[in-house]
Number of protein chains: 2
Amino acid sequence: MEKSQEALVLLRQIFRSADMQEKEISRSTGLTLPQLMTMQALRHTAPITTGELAKEVSITQATVTSILDRLEKKGLVTRERGLEDKRKVWINLSTEGWELMKGAPTTQQDMFTRRFDDLQSWEQSMVIAALERVAFMLDAQHLDAAPMLDVGQIDRAEVGNK
Amino acid sequence: MEKSQEALVLLRQIFRSADMQEKEISRSTGLTLPQLMTMQALRHTAPITTGELAKEVSITQATVTSILDRLEKKGLVTRERGLEDKRKVWINLSTEGWELMKGAPTTQQDMFTRRFDDLQSWEQSMVIAALERVAFMLDAQHLDAAPMLDVGQIDRAEVGNK
DNA sequence: CTCAAATGTTTTGTTTATCGAATATTTAGT
DNA sequence: ACTAAATATTCGATAAACAAAACATTTGAG
């Protein structure tokens with residue numbers, strides 16, 4: 001088997017795991033996936049303006065506005081008109097918002113960290129070095145065309161009912 | 001800096017790249033993200049039943065049905081009632097569906113493969129070994145709790161307008 | 001200063017996604 | 001034959017997503 005295919009299959013697995021974990025947190029926090037991503041972005045960047053937040057989560061401003069509407073209604077975020085520049089609206093996590101984000105997300109980080117710490121020191125370095133290469137290989141920004149990641153079974157299934 | 005944090009940041013980057021690449025393909029194919037994911041799953045597993053397909057993309061049957069409705073209307077997939085078991089409906093890509101999936105997705109795989117092939121043989125092995133460890137570290141299935149991946153800046157932003 | 005352009009956000013309108021529950025049909029077990 | 005399980009769709013409701021338009025504010029050119 002091609003080594004590159006092997007790597008792609010593993011990446012696929014990794015993406016799948018991350019995806020499922022996100023869905024699990026989504027359930028446990030009672031937030032939808034987009035809401036969760038927004039909250040996570042806020043956790044790291046708040047206070048931030050609506051426009052910047054939209055860039056952060058890679059969706060349009062209009063969509064962010066509607067997501068914020070719902071998060072605000074839940075009392076998880078606050079909106080505050082800018083003082084110097086009144087066009088801007090500064091988004092922040094409310095106390096409850098911070099509380100919510102302190103729960104599950106921490107647990108998760110701990111999990112990865114715990115397992116990572118179990119590795120030998122040289123293995124840790126190896127993983128980091130490898131991830132750096134993968135990050136580069138997937139970085140479409142520095143490419144002519146912007147290609148995609150389509151991973152999974154290589155074999156075409158035979159036609160007809162299985 | 002903690003090595004585990006370094007690894008998490010890199011993973012974050014990797015996820016981001018993959019995400020953006022998927023959005024790019026989404027635009028170029030004129031498919032929405034869920035539709036694209038469904039088509040990709042079909043590409044690898046077709047023919048497949050509605051229920052199995054739902055499992056494959058980790059959404060409910062009801063949702064898959066509605067996505068298939070739209071893909072069918074676009075002439076990209078075909079539905080066929082099972083002969084032996086008439087409860088089942090076999091989904092397949094139409095000729096146009098195959099054509100569409102042959103375009104961008106292939107290019108993408110080529111991209112990663114090209115860069116991967118540029119690596120030294122020992123580096124390729126290292127990347128695979130590292131990905132195996134990461135895949136394991138993220139595998140929540142074999143865990144008590146199901147933790148999550150929340151990566152990004154560690155520092156809390158200072159409060160107040162920036 | 002004044003008005004046009006630029007910037008930032010929200011609103012509007014439409015399509016899609018998502019889920020749980022209800023429904024219909026078929027198959028399988030006893 | 002009857003009932004339970006399996007399979008897919010439909011329905012109802014909410015959320016997400018985007019583009020285009022509307023709105024408010026700021027900046028810049030003269």
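Every value quoted in this text rests on a predicted model; they were computed, and no experiment measured them. (Residues numbered from 1 in each chain as written. Chains lettered and ligands numbered in written order. Predicted model: local features only at pLDDT ≥ 70, side-chain atom pairs only at ≥ 80, totals over all residues. Heavy atoms only, no water.)

### Remarks on the protein's contact with DNA strand C
Then, number 1: Taken together, 24 residues are adjacent to DNA strand C, and A:Gly51, A:Gln61, B:Thr32, B:Arg70 and B:Arg87 come closest.
Then, number 2: Near the protein, within 4 Å, the atoms of DNA strand C are sugar or phosphate in 74% of cases.
Then, number 3: In the model, a sugar or linking oxygen of DNA strand C is placed 3.2 Å from a nitrogen or oxygen of the A:Arg87 side chain.
Then, number 4: Within the side chain of B:Thr63, a nitrogen or oxygen atom sits 3.2 Å from a phosphate oxygen of DNA strand C.
Then, number 5: Residue assignment for the surface near DNA strand C shows that the elements contributing at least two residues are helix 3 (50–57) and helix 4 (61–73) of chain A together with helix 2 (33–45) and helix 4 (61–73) of chain B. (Near = heavy atom within 4 Å. Polar contact = N/O pair within 3.5 Å; in protein donor to acceptor, adjacent residues only side chain to side chain. Helix = DSSP H or I, 4+ residues; strand = E, 2+ residues; numbered from the N terminus.)

### Description of the environment of A:Arg115
Then, number 1: Tracing the backbone shows A:Arg115 in helix 6 (residues 104–118).
Then, number 2: At 2.4 Å, the side chain of A:Arg115 forms a polar contact with the backbone oxygen of B:Phe136.

### Focus: the confidence of the model for chain A
All names here are of chain A.
Then, number 1: Here chain A averages 84 in pLDDT, while 82% of its residues score no lower than 70.
Then, number 2: Element-level pLDDT for chain A is lowest in helix 6, with a mean of 79, against a maximum mean of 97 in helix 4.
Then, number 3: Taken as a whole, residues 144–162 scores under 50 in pLDDT and shows 59 contacts with residues more than four places along the chain or in a different chain. (pLDDT = per-residue confidence, 0-100. Contact = heavy atoms within 4.5 Å.)

### Observations concerning the sheet that holds strand 3 (residues 89–93) of chain A
For sheets, the rule is that strands pair by backbone hydrogen bonds, running either parallel or antiparallel.
Residues and elements named next belong to chain A.
Then, number 1: If you trace the 3 strands from one edge of the open sheet to the other, you get 1-3-2, paired in antiparallel fashion. Of all the strands in the sheet, just strand 1 (48–49) and strand 2 (77–81) have a single pairing partner and so form its edges.
Then, number 2: Bridge analysis of strand 2 against strand 3 gives 5 bridges, and the strand direction is antiparallel. Residue pairing in the sheet places arginine 81 in a bridge with valine 89 of strand 3.
Then, number 3: Packing against the sheet, helix 4 makes contact with strand 2 and strand 3, and its axis sits at approximately 120° to strand 2. (Pairing = 2+ DSSP bridges. Axes fitted to C-alpha atoms, helices over the stretch in contact; angles between N-to-C directions.)

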